[in-house]
Amino acid sequence: MIFEAQIAGRDEIRLEKDADGQFHLSGVGGPDLLQHLKSLREQLGQPIEQWTVPEGAGLADMLVREVILKAQGKWAFPFCESELCHCRGIPTAVVDSAVLTGAHDPRIVSEQTSASTACGTCRPDVEAIIKYRKGE
Ligand code: FES
């Protein structure tokens with residue numbers, strides 16, 4: 001079973017559980033992500049439920065949190081449709097990428113993606129993604 005978290009063309013982390021229940025970790029990214037990978041490798045022998053889920057709102061924090069929560073069966077991303085903003089035709093992945101790279105305010109997400117710049121119906125979903133990604 002494979003659990004992944006990534007931002008396209010940038011950082012990614014992959015956790016693979018083999019048939020014996022052992023986890024194998026790999027990833028590519030900046031210094032923050034590499035530091036997280038080092039600390040995760042120290043936890044590889046422990047049950048996944050005991051792994052430390054990082055707090056914080058940096059890109060590496062959010063990606064590592066995602067992959068651990070997925071492996072723990074606790075990942076509950078708040079919006080599951082592929083298109084988030086129907087007025088502007090903005091995919092959920094575009095909004096999520098903006099949040100991952102630092103757009104932690106709905107106004108900034110709108111500036112960067114055009115989501116939520118027409119009827120505003122999708123604004124609560126943008127806010128929910130921001131909150132969830134930040135671990136709030
Ligand atoms: S659905 Fe996003 S602005 Fe209308």
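Just so it is clear, the model here is predicted, and its values are computed rather than measured. (Residues numbered from 1 in each chain as written. Predicted model: local features only at pLDDT ≥ 70, side-chain atom pairs only at ≥ 80, totals over all residues. Heavy atoms only, no water.)

Draft legend 1. Layout of helix H4 (residues 106–113). All buried positions along H4 are accounted for by Pro 106, Val 109, Ser 110 and Thr 113. The buried side chains of H4 occupy one side of the element, clustering within an arc of 100° when seen end-on. The exposed residues of H4 that point more than 90 degrees off its buried face are Glu 111 and Gln 112. Lining the buried residues of H4 we find strand S5 (90–91), helix H3 (92–100) and helix H5 (123–133). Ser 114 lies just past H4 and shows a positive phi near 75°. (Buried < 20%, exposed > 50% of the residue type's maximum accessible area, 1.4 Å probe, protein only. Helix = DSSP H or I, 4+ residues; strand = E, 2+ residues; numbered from the N terminus. Arc of directions from axis to C-beta. Contact = heavy atoms within 4.5 Å.)

Draft legend 2. Region of interest: H3. Within the span of H3, buried status applies to Thr 92, Val 95, Asp 96, Ala 98, Val 99 and Leu 100. Where H3 is buried, its residues touch strand S1 (2–6), helix H2 (59–72), strand S4 (83–85), S5, H4 and H5. Looking one or two residues beyond H3, the residue adopting positive phi is Gly 102, at roughly 115°.

Draft legend 3. Fine view of the layout of surface pockets. Approximately 230 Å³ is the volume found for the largest pocket. Around the largest pocket sit 15 residues that line it, and Gln 6, Glu 66, Lys 70, Asp 96 and Arg 133 are the ones nearest its centre. Breaking the lining of the largest pocket down by element, the ones donating at least two residues are S1, H2 and H3. Here the lining of the largest pocket takes 5 residues from H3, the largest share from any one element. No fewer than three residues from each of domain 1 (2–72) and domain 2 (83–133) sit in the lining of the largest pocket. (1 Å grid on protein atoms, 1.4 Å probe; cavity = no way out; pocket = protein on both sides within 12 Å on 5 of 7 lines; lining within 4 Å. Points joined across faces, edges and corners; volume = space filled by probe spheres on them. Domains from an automatic or database assignment.)

Draft legend 4. Local environment of the domain arrangement of the protein chain. The assigned domain composition of the protein chain is domain 1 (2–72) and domain 2 (83–133). Taken over C-alpha atoms, the centre of domain 1 sits 25 Å from the centre of domain 2. Counting residues at the interface gives 10 residues for domain 1 and 7 residues for domain 2. In total, domain 1 and domain 2 occlude about 650 Å² of area from one another, counting both sides; carbon and sulfur atoms represent 59% of this. (Buried area = accessible area lost by both parts, 1.4 Å probe.)

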